[in-house]
There are 2 protein chains.
Amino acid sequence: MGRAELQNSGIRCTTVCKMRAVIPYKKTNAKSRLSPVLTLEEREEFVELMLKDVVTAISKAGIEAIDILTTSAGSVADDIKANVVVDKPGLNEALNGYLQNANEPVLIIMADLPLVTPRHIQEITASDKDVVIVPGKGGGTNILFIRDPASFHVKYYDSSFMTHCDIAREMSQSLEVYDSFLLSTDIDEPHDLVELLLHGQGLSKNYIQQKFEFEVSKGRVKLKSN
Amino acid sequence: MGRAELQNSGIRCTTVCKMRAVIPYKKTNAKSRLSPVLTLEEREEFVELMLKDVVTAISKAGIEAIDILTTSAGSVADDIKANVVVDKPGLNEALNGYLQNANEPVLIIMADLPLVTPRHIQEITASDKDVVIVPGKGGGTNILFIRDPASFHVKYYDSSFMTHCDIAREMSQSLEVYDSFLLSTDIDEPHDLVELLLHGQGLSKNYIQQKFEFEVSKGRVKLKSN
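These notes cover the structure that comes with them. None of the values given here were measured: they were computed from a predicted structure. Chains are numbered independently. Their residues run from 1 in the order of the written sequence. Starting at A for chains and at 1 for ligands, labels are handed out in the order in which the entities are written. Where totals are concerned, whole chains, interfaces and linings use all residues; where local detail is concerned, this predicted model gives features only for residues with pLDDT of at least 70, and gives and counts side-chain atom pairs only at 80 or more. Side-chain calculation: all heavy atoms of the structure are included, whereas hydrogens and water are not.

**Things to note about unusual backbone geometry**
Across the chain, the bulk of peptide bonds are trans and the bulk of non-glycine residues have phi less than zero. Applicable threshold: Labels follow the DSSP assignment, with helices taken as runs of H or I lasting at least four residues and strands as runs of E lasting at least two, numbered in each case from the N terminus.
With phi around 55°, A:Lys31 is a residue other than glycine that occupies positive phi space. Within the fold, A:Lys31 resides in the loop between β1 (20-24) and α2 (40-60). Residues other than glycine seldom take positive phi values, yet B:Tyr157 does so here, at roughly 75°.

Here it is, written out as C-alpha cells:
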C-alpha cells in the first residue's frame, strides 16, 4: 500500500507496508579519517562489513526493497542482498533524484551505522509523523524516514540535522526526532571504534575486535592494537 | 512502597511509586576540560545551570525525593529544590554508602546531562528490569536506575559501563541498556557544547547560546564565540 491509500483509510504505514530503504555507499578509499589506525585495504574491507550489518538490520526489520546507491556497481560485493543503483557523484543530487522516482515511503540510512538493530528500524518506520530524523553527532543526519518522498528533499553536509528540520517545517511535514545513542554513532574516527567494540554485535564489530582491544585510561576507554 | 512489597504483589514500581534520585555534584573548578572556551567563573556558573536543568527534568517526571551529593554544602545554590547530602570525597564510596542507606529504588544521574527530559526519566524508571544503565560516550555510565539498592554497588571511572553490566550479572540483576543520544551526551569538552546548542532547551543551553554560535565547516558544526 502506498501512502495515498493509507491517508484515505486513516491508517499509517508501518513496516508491514511497502517501503524502500536506500543506503548511499562508497568503498574506494572510504573512511580516510580512520587511516591513523586502519590501512586503505582494511578500511575498504571494514566499510563493506558495516554495509552488510546495516543491510542485515534493515532486512530483519521486514523491509524487502533495499537499494545501495553508489557511483560504481563493482564496489558492491555480490553476496550483499540488495539492489545496486548506480548514479553520478553528488550525494544530494543522487538522493533527490531517487526520492523523485519513489512511489512509497523511503528510509535513507547511512552505511556507517553498524550499531543499528532491526528494532530501531521498526520503531522509526512505525512513527506516526511524516518525517523521522535520527541525528548524528555534531549536527549530522544519520537516518531519514520520509513517508511522502514528493514532499521532501534532502540536503546533506554542513549541519544537515538543522537543515532537514527546517525543510520539514517549510514543506509542512510533521517531524519526529528519534533519540538513539547507537544510531548517533556513525563510525568516522578512531574513537568511534570504541563504541563499536563496546556496543556492537555484527560482522564489523568482530573485524575490529580481531585488531584492537580496550585500553582504559583517565576514565575513558581507548583503542590498543592487538 | 519498597521493592519487597512490590515483588510480593507482582507489580513493578514505576514513577508513581516512591523512589529517590541522587545527583553527584562538584562546583569548584568543575569541568576543567571546558577551560579552552570558558573561564573558571563561567564554568562554575555553567555547571550550576546544568544541575538546575537536571533537577527540573527529574522533578517534572514526578520524583519528589531529590538528593544532591556533594563534598561542600555551600556549593549548592539555595534556589535549587533538592536536599543536599554532604559526604567525603570519593564518588564510589559516597554513592555506595548512599545505596546502603536507601530503602527504595534509586536513580543515580550525573549533573552534566542537561539534555535529559522528563520523558527519559519516566521511561527509565518504568523499566521492568532490576537495573537500567544509560551509557555515556567512551564507555561511561551516565544514569543508573537500581530497584533494589541492597543488590547492587557502583564502580564509576574506567569504563564503568562494562563494569556496571558485569556487576548486574554477578548480582543476578536483570538489566536494560537504555539507548539515548541525548543522555549519552555528558557535557565535558567544547564539542559537546555543540550538541547542547543543537538539541538543548533549558537554562544551560541559553547560557551557552549567549556566548557562542555555530560555525559550519567540513560537514560538522563547530563553536564560534559571539
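From this point, things continue past the structure.
**Details of the nonpolar core**
Our working rule: As used in this record, nonpolar core signifies buried Ala, Val, Leu, Ile, Met, Phe, Trp, Tyr and Cys residues forming a set joined through side-chain atoms within 4.5 Å. Burial classes: relative accessible area under 20% of the type maximum marks a residue as buried, over 50% as exposed, and values in between as partly exposed (1.4 Å probe, protein chains only). Contacts: residue pairs with any heavy atoms within 4.5 Å of one another.
Among the nonpolar cores identified, the biggest contains 71 residues, and B:Phe46, B:Ile108 and B:Ile109 are the most heavily contacted of them. The dominant element in this core, judged by the number of residues it contributes, is helix α2 (residues 40-60) of chain B, at nine residues. Apart from the residues within four sequence positions on either side, B:Ile109 is in contact with B:Val22, B:Ile23, B:Pro24, B:Val54, B:Ile58, B:Val116, B:Ile121, B:Asn142 and B:Ile143. Judged by nonpolar contacts, the second largest core, of 70 residues, contains A:Leu34, A:Val47, A:Leu107 and A:Leu144.

**Describing the packing of α2(B) against helix α8 (residues 203-211) of chain B**
Residues and elements named next belong to chain B. We count it as follows: The angle between two axes is taken between their N-to-C directions and runs from 0 to 180 degrees, where each axis is a line fitted to C-alpha atoms and a helix contributes only its stretch in contact. The classification used treats Ala, Val, Leu, Ile, Met, Phe, Trp, Tyr, Cys and Pro as nonpolar, Asp, Glu, Lys and Arg as charged, and all other residues, Gly among them, as polar.
Running from N to C, α2 and α8 cross one another at 145°; their axes reach a closest spacing of 7 Å. Between α2 and α8, the residues in contact are Glu42, Glu45, Phe46, Leu49, Met50, Lys52 and Asp53 and Leu203, Ser204, Lys205, Tyr207, Ile208 and Lys211, respectively. Considered class by class, the residues forming the contact of α2 with α8 number six nonpolar, one polar and six charged.

**Comments concerning the interface of chain A and chain B**
As a reminder, the rule being used: Here the buried area means the combined drop in accessible surface, using a 1.4 Å probe, for two parts upon being joined, counting both sides. We count a salt bridge whenever a side-chain nitrogen from Lys or Arg sits within 4 Å of a carboxyl oxygen from Asp or Glu. Any pair of nitrogen or oxygen atoms within 3.5 Å is treated as a polar contact; in protein, a donor-acceptor pairing is required on top of that, and neighbouring residues in sequence qualify only through side-chain atoms on both sides.
The interface of chain A with chain B comprises 25 residues on the first partner and 25 residues on the second. Across the chain A/chain B interface, buried area totals approximately 2,300 Å², and carbon plus sulfur atoms make up 56% of it. At the boundary of chain A with chain B, the tally comes to zero salt bridges. On inspection of chain A and its partner chain B, the count reaches ten residue pairs in polar contact (both at pLDDT 80 or more). For the side of chain A that touches chain B, the elements supplying multiple residues, two or more each, are α5 (160-170), α6 (181-184), α7 (190-199), β8 (212-217) and β9 (220-225) of chain A.

**Some thoughts on the environment of A:Ser204**
Residues and elements named next belong to chain A. Mapping Ser204 onto the fold places it in helix α8 (residues 203-211). With a relative accessible area of 0%, Ser204 lands in the buried category. For Ser204 and Lys60, which are 144 residues apart along the polypeptide, the C-alpha to C-alpha distance reads 17 Å. Every residue in contact with Ser204, bar those within four places of it in the chain, is listed here: Phe46, Leu49, Met50, Asp53, Pro114 and Leu196. Side chain to side chain, Ser204 and Asp53 meet in a polar contact 2.5 Å long.

**Points about α8(A)**
Rule in force here: The arc in question is the one traced by the directions running from the helix axis out to the C-beta atoms.
Every buried residue belonging to α8(A) is among A:Ser204, A:Lys205, A:Tyr207 and A:Ile208, and all of these are buried. Viewed end-on, α8(A) has its buried residues packed into an arc of 160°, placing them on one side of the element.

Nothing here speaks to function; it is all geometry.
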